[in-house]
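Survey of secondary and tertiary structure
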Amino acid sequence: MTTTSLRLTTEARRRSGLRSWRGLLALAIAMLLPLVVDSAFTGDLSYFLLWTFCAMGLSAMWGYGGILSFGQTAFFGLAGYVYGVLTLNFGDGFISTWSGFILALAAAGAVASALGYMMFYGGVTGIFVGIVTLSFTLVLETFMSQTAGPQWVIGSARLNGFNGMSGMPPLSLPFGGEHPFTLDGNAFYYLILALLVIAYLLMQRLLRGNVGLTLAAIRENPQRAEMLGIDIRRYQLLIFTLGGVLSGLSGVLYTQWGSYITPSSMGLTAAAMPVIWVATAGRKSLAGTIAITALLVWLSQWLAVYGSEYAMILLGLVLLFVVLVAPEGILVWLAQQLRRLPVIGHYVGGTR
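Residues numbered from 1 in each chain as written. Predicted model: local features only at pLDDT ≥ 70, side-chain atom pairs only at ≥ 80, totals over all residues. Heavy atoms only, no water.

Turning to the overall build of the chain, a few remarks are in order. Tallying secondary structure elements over the chain gives 15 helices and six strands in all. By the compact-globule yardstick of 20 Å for 352 residues, the chain fits well, its C-alpha radius of gyration being 21 Å. Expressed along its principal axes, the backbone C-alpha trace of the chain runs to roughly 70 × 55 × 40 Å. Each of the 352 residues in the chain was classed as buried or not, and the buried ones make up 41%. Of all intrachain contacts in the chain linking residues separated by at least 6 positions in sequence, the fraction that spans at least 24 positions is 74%. For the chain, the accessible surface area stands at approximately 18300 Å², while carbon and sulfur atoms represent 68% of it. In the chain, 18 side chains carry a positive charge and 12 a negative one; their mean positions are 20 Å apart. (Helix = DSSP H or I, 4+ residues; strand = E, 2+ residues; numbered from the N terminus. Rg over C-alpha atoms; globule rule 2.2 N^0.38 Å. Buried < 20%, exposed > 50% of the residue type's maximum accessible area, 1.4 Å probe, protein only. Contact = heavy atoms within 4.5 Å. Areas by Shrake-Rupley, 256 points an atom, 1.4 Å probe, with all protein chains shown as cover. Lys, Arg positive; Asp, Glu negative; His and termini not counted. Charge placed at Lys NZ, Arg CZ, Asp CG, Glu CD.)

Listed below in structure tokens is the structure:
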């Protein structure tokens, strides 16, 4: 091994170790937060983090597969409604809530797989994928908004049109005798944190392996990848379906967090949010997507106190800045600016 190769390998290991330590530190802080903040703040943290699954799915699709989709909130809302219908009909027991949880994710994955199959095996590519997924999302929102009449009922669950469904129970565990242990408050926060770590590690393993390399080849030049014998449609369908399942996970957790789900969660504004989060974070960074999504959701909620239009204006400005100044993501742009500082650049550049 040459001196240059050895130096590059050592540098790569150093950076990988640094990222691992930073990740462990962030996880430790996240685990300790409920011990030093009140329950209201913990509930807010749960809300900020539950959206990160949806954004992580789009990051995998867009950043690695080159698939820009506006359909994340469709699978989000679909899974939320499925969970609501099942749990309102079968109760709040351990088996019924967890069965509803799993079946809601399966429904999101099945619909994503069906839609992806029709698109990719039907020859839909490029910007037209975004158009089809946005159309699907808006059609689903419009349909659910007009289900306000008494005829729109599934067993004991009324769809309630634009008012949405409410009263869905949280997940529970078979502890506590007659009163099962419900996963709410701090327990719900730790559930989200555990699911987030599992999802992140699984997606990192997938995207850093052969699947990720194949998706990158398809993203850069699909014609060349197909000439090399790669079934590009199968890989596109795989990552699109996984993205739909992750978005469905956000939808189920959202339904449990607020005990409601409405068609507005699938509206035009909602459909654009994941795109803004992922573009701001940098499409190829799952960790950056998690951090930026939680930050922007918090910022949107804080500005909504003074008026929802302020949040939309700010997010629009952030998106314009990213597109015009930081196309690789705001975190990458900040790192580049820091390296240009004399002291930091000298140290990071490896001359010490």
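Right, picking up where we left off after that structure.
The next thing to look at is the side chain of S69. In this structure, S69 sits in the loop between α3 (52–65) and α4 (72–90). You can call S69 buried: its relative accessible area is 1%. Within polar-contact distance, the side chain of S69 engages the backbone nitrogen of G71 at 3.0 Å. Ignoring anything within four residues of it in the chain, the contact list for S69 reads L58, M61, T133, F240 and V275. (Polar contact = N/O pair within 3.5 Å; in protein donor to acceptor, adjacent residues only side chain to side chain.)

At N160, a residue that is not glycine, the phi angle is positive and equals roughly 65 degrees. Topologically, N160 is positioned in the loop between β2 (157–158) and β3 (165–166). Even without a glycine there, the phi angle at S259 is positive, about 60 degrees. As for its placement among the helices and strands, S259 is situated in the loop between α10 (232–258) and β6 (260–261). For S259, a relative accessible area of 24% puts it in the partly exposed group.

Glancing now at the packing of aromatic side chains. Applying the stated rule across the entire model yields 19 aromatic pairs. Here the aromatic rings of W51 and F76 are separated by 4.7 Å at their centres, their planes lie at 5 degrees, and the arrangement is stacked. Highlighted residues: W51 in the loop between α2 (39–50) and α3 and F76 in helix α4, separated in sequence by 25 residues. Exposure class is identical for W51 and F76. Each is buried. With 5.3 Å between their ring centres and 50 degrees between their planes, F76 and Y254 make a pair best called tilted. One end of the pair, F76, is in helix α4; the other, Y254, is in helix α10, and 178 residues separate them in sequence. Relative accessible area serves as the criterion here: at 0%, F76 is assigned to the buried category. Members of the aromatic cluster, joined through ring pairs, are Y47, F48, W51, F76, Y254, W257, Y260 and W277. The ring of W62 carries R283 above its face, with NZ or CZ at 5.0 Å from the centroid. (Phe/Tyr/Trp six-rings, centres within 6.5 Å; stacked < 30°, edge-to-face > 60°. Lys NZ or Arg CZ within 6 Å of the ring centre and 35° of its normal.)

This paragraph deals with the packing of helix α8 (residues 210–220) against α10. Relative orientation of the contacting elements α8 and α10 amounts to 115 degrees, with a least axis distance of 10 Å. Compared by their axis directions, α8 and α10 come out roughly perpendicular. Between α8 and α10 the crossing geometry is left-handed. For the pair formed by α8 and α10, the contact residues are V211, T214, L215 and I218 on the first element and I232, Y235, Q236, L238 and I239 on the second. Grouping the amino acids of the contact of α8 with α10 by side-chain chemistry returns seven nonpolar, two polar and no charged. (Axes fitted to C-alpha atoms, helices over the stretch in contact; angles between N-to-C directions. Parallel < 35°, antiparallel > 145°, perpendicular 65-115°, else oblique. Left-handed = near helix turned anticlockwise from the far one by under 90°. Nonpolar A, V, L, I, M, F, W, Y, C, P; charged D, E, K, R; others polar.)

What follows is about the environment of L201. With respect to the secondary-structure elements, L201 resides in helix α7 (residues 186–207). A residue is classified by how much of its surface remains accessible, and L201, at 52% relative accessible area, is exposed. Residues L201 and Q146, 55 residues apart in the sequence, show an inter-C-alpha distance of 40 Å.

A full pass over the atoms with the stated rule returns two salt bridges. Taking the shortest distance from any N to any O, the salt bridge between E220 and R219 comes out at 2.9 Å. Across the pair R233 and E226 runs a salt bridge whose closest N-O atoms are separated by 3.1 Å. Residue classification places R233 among the partly exposed residues on the basis of a relative accessible area of 29%. (Salt bridge = Lys/Arg side-chain N within 4 Å of Asp/Glu carboxyl O.)

Over its 19 residues, helix α6 (residues 127–145) runs 27 Å from end to end, which matches the ideal 27 Å to within 8%, given 1.5 Å per residue. Within the sequence span of α6, burial applies to V129, G130, T133, T137, L140 and M144. Along the axis of α6, the buried positions cluster into a sector of 100 degrees, meaning they face one direction only. Summarising the geometry of α6, the exposed residues directed more than 90 degrees from the buried face are I127, F128, V139 and T142. Looking at the buried positions of α6, the neighbouring elements they touch are α4, α5 (94–120), α10 and α11 (268–281). (Expected span 1.5 Å × (residues − 1). Arc of directions from axis to C-beta.)

What follows concerns α8. Residues of α8 that are buried: V211, G212, T214, L215, A216 and I218. As for α8, its buried residues are in contact with α3, α7, α9 (222–227) and α10.

What follows is about the environment of L173. Its location among the elements puts L173 in strand β4 (residues 172–173). Sequence separation of L173 and L338 is 165 residues, and the distance between their C-alpha atoms is 48 Å. If we skip the residues at most four places from it in the chain, L173 touches F94, W98, P180, F181 and L183.

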